Amino acid sequence: MNLYRFHPFAEAVYFLSVIVFSCMIQDVVWAFVSFVAAFAFCVVLSGAKAFSNFKYLLPVAVLITVTNPLFSHKGKTVLFFLMGNPVTAEAFVYGAVFAITLCGVFLWCKALSRVFTADKYLLLLSKHLPKTALVLSATLRFIPLLSRRAKQVISVRRAMGITSSLSYIDRVKGALNSFSALIGWSLEHAVESSRSMLSRGYGIKKCGHFSDRHFKMCDLLAIMVVLLLDAVLFCGMALDAFTFSFYPLVEFGVVKPLLILSYCAFALLCFIPVIISLSEVLKWHFYKSKI
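As the structure is a prediction and not an experimental result, all values here were calculated from the model.

### So, the overall build of the chain
Then comes step 1: Each helix and strand counted, the chain has 9 helices and 2 strands in total.
Then comes step 2: Secondary structure of the chain in N-to-C order comes out as α-α-α-β-β-α-α-α-α-α-α.
Then comes step 3: Taken over C-alpha atoms, the radius of gyration comes to 24 Å for the chain, far larger than the 19 Å a tight globule of 291 residues would show.
Then comes step 4: Overall size of the chain, expressed as C-alpha extent along the three principal axes, is 65 × 60 × 50 Å.
Then comes step 5: Taking contacts inside the chain between residues at least 6 apart in sequence as the whole, the part at least 24 apart equals 73%.

Printed below as a string of structure tokens:
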């Protein structure tokens, strides 16, 4: 997918903008747009595997929606009383919107982890923060490596028949033993990596880096578009265009032209990756039809 062709700095500006603005406004339209765009982006990146995120997000969303009225008793629409405390419809709505916002931010971070690879962190940080870039790159590499090793350890133990017992205590002991083996294996690998770096002269002199990514005109145009949309959203926030309120009643308030403009700007900001991907797909089918 051609989203990877952009310079890491342009990608960093985009993800920083969309994640920050997704968290800043508590609005039902805002939260819904952010969630739908983030999920569509994950579908573009991972295909049908993106639907597996719901097995984690759905229980969290339901839990937040249900438990928020237990802690917040604001609102005029009282549904019932629980242990003498009112449970209001406004609290349910606020919990649902907050849950959608949280799930949207999670999906944006999921997309960020797919697009922003370790070499991009090195490219952005190696010039001014080389040690931080190295630690961050090693950490990002360590997480999938640890996951693969955990699956290998569990598979070997199952093949040996060690974890075949159905007893809960035996399964807990087996999990602890697998975790111990995994930690020992990881520590040994860390020592080997450090020795390899020392033997290759790491730290003797200032290290450089190589990257075939160059800042191009399309990257500058992408940053300018993102900053322009950010400016529109900042103006909407500064001029109090967002009139949606949860308490004491759920209401939209006065619909202003600046509010509609801000909604459109945020929707365009969120759907930029999907638009780029769809345009590339259409371009590919067009060129293929000409063959």
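Now that the structure has been shown, the text picks up again.
### Side note on unusual backbone geometry
Then comes step 1: A positive phi is found at aspartate 240, a non-glycine position, where the angle reads about 55°.
Then comes step 2: If you trace the backbone, aspartate 240 turns up in the loop between helix H8 (217-238) and helix H9 (257-289).

### Observations regarding the packing of aromatic side chains
Aromatic rings in a pair are described by how distant their centres are and how their planes are angled relative to each other.
Then comes step 1: Scanning all chains against the criterion turns up 14 aromatic pairs.
Then comes step 2: With 4.9 Å between their ring centres and 80° between their planes, phenylalanine 244 and phenylalanine 246 make a pair best called edge-to-face.
Then comes step 3: According to the relative accessible area criterion, phenylalanine 244 is buried, its value standing at 12%.
Then comes step 4: Exposure remark for phenylalanine 246: the relative accessible area of 7% places this residue in the buried category.
Then comes step 5: One aromatic cluster is present, built from ring pairs that chain together Tyr14, Phe15, Phe41 and Trp108.
Then comes step 6: In this arrangement the basic side chain of lysine 74 is found over the ring face of tyrosine 247, its NZ or CZ atom lying 5.6 Å from the centre.
Then comes step 7: In this structure, arginine 149 packs its charged tip against the face of tryptophan 185, placed 4.9 Å from the ring centre.

### Focus: helix H2 (residues 28-46)
Then comes step 1: Compared with an ideal rise of 1.5 Å per residue, which puts 19 residues at 27 Å, H2 spans 27 Å between its outermost C-alpha atoms and is within 8% of the ideal.
Then comes step 2: Within the span of H2, buried status applies to Trp30, Ala31, Val33, Ser34, Phe35, Ala37, Ala38, Phe39, Phe41, Cys42 and Leu45.
Then comes step 3: On the buried face of H2, the contacting elements are helix H1 (8-24), helix H3 (54-71), helix H4 (89-115), H8 and H9.
Then comes step 4: Its side-chain oxygen placed 2.8 Å from the backbone nitrogen of valine 29, aspartate 27 serves as the N-cap of H2.
Then comes step 5: Positive phi appears at glycine 47, one or two residues downstream of H2, with a value of about 75°.

### Quick word on the pairing of strand S2 (residues 85-88)
Then comes step 1: As paired strands, strand S1 (residues 78-82) and S2 are joined by 4 bridges and run antiparallel to one another. Pairing of phenylalanine 80 across the sheet is with valine 87, part of S2.
Then comes step 2: Hairpin connection from S1 to S2: 2 residues lie between these consecutive antiparallel strands, with methionine 83 at a positive phi of about 55°.

### Some words on helix H5 (residues 118-125)
Then comes step 1: Every buried residue of H5 is listed here: Lys120, Tyr121 and Leu123. What you see down the axis of H5 is that its buried residues fit within an arc of 160°, all on one side.

### Describing the environment of threonine 139
Then comes step 1: For threonine 139, the position within the fold is in helix H6 (residues 130-159).
Then comes step 2: A residue is classified by how much of its surface remains accessible, and threonine 139, at 39% relative accessible area, is partly exposed.
Then comes step 3: For the pair threonine 139 and isoleucine 64, spaced 75 residues apart in sequence, the C-alpha to C-alpha distance is 31 Å.

### Structural notes on the confidence of the model for the chain
Then comes step 1: When pLDDT is averaged along the chain, the result is 82, and 92% of the positions lie at 70 or above.
Then comes step 2: The weakest mean pLDDT in the chain belongs to H5 at 74; the strongest belongs to H2 at 91.

### A short note on the packing of H3 against H4
Then comes step 1: Following both chains from N to C, one finds H3 and H4 inclined at 150°, their axes separated by 8 Å at the closest point. Taken together, the axes of H3 and H4 are roughly antiparallel relative to one another. Between H3 and H4 lies a crossing whose hand is right-handed. Within the contact between the two elements, H3 uses Leu57, Val60, Ala61, Ile64, Thr65, Val66, Asn68 and Pro69 and H4 uses Ala91, Phe92, Tyr94, Gly95, Ala96, Phe98, Ala99, Leu102, Cys103, Phe106 and Leu107.
Then comes step 2: Each residue belonging to the contact of H3 with H4 can be placed in one class, and the counts come to 16 nonpolar, 3 polar and no charged.

Criteria and thresholds
Residues numbered from 1 in each chain as written. Predicted model: local features only at pLDDT ≥ 70, side-chain atom pairs only at ≥ 80, totals over all residues. Heavy atoms only, no water. Helix = DSSP H or I, 4+ residues; strand = E, 2+ residues; numbered from the N terminus. Rg over C-alpha atoms; globule rule 2.2 N^0.38 Å. Contact = heavy atoms within 4.5 Å. Phe/Tyr/Trp six-rings, centres within 6.5 Å; stacked < 30°, edge-to-face > 60°. Buried < 20%, exposed > 50% of the residue type's maximum accessible area, 1.4 Å probe, protein only. Lys NZ or Arg CZ within 6 Å of the ring centre and 35° of its normal. Expected span 1.5 Å × (residues − 1). Polar contact = N/O pair within 3.5 Å; in protein donor to acceptor, adjacent residues only side chain to side chain. Pairing = 2+ DSSP bridges. Arc of directions from axis to C-beta. pLDDT = per-residue confidence, 0-100. Axes fitted to C-alpha atoms, helices over the stretch in contact; angles between N-to-C directions. Parallel < 35°, antiparallel > 145°, perpendicular 65-115°, else oblique. Left-handed = near helix turned anticlockwise from the far one by under 90°. Nonpolar A, V, L, I, M, F, W, Y, C, P; charged D, E, K, R; others polar.

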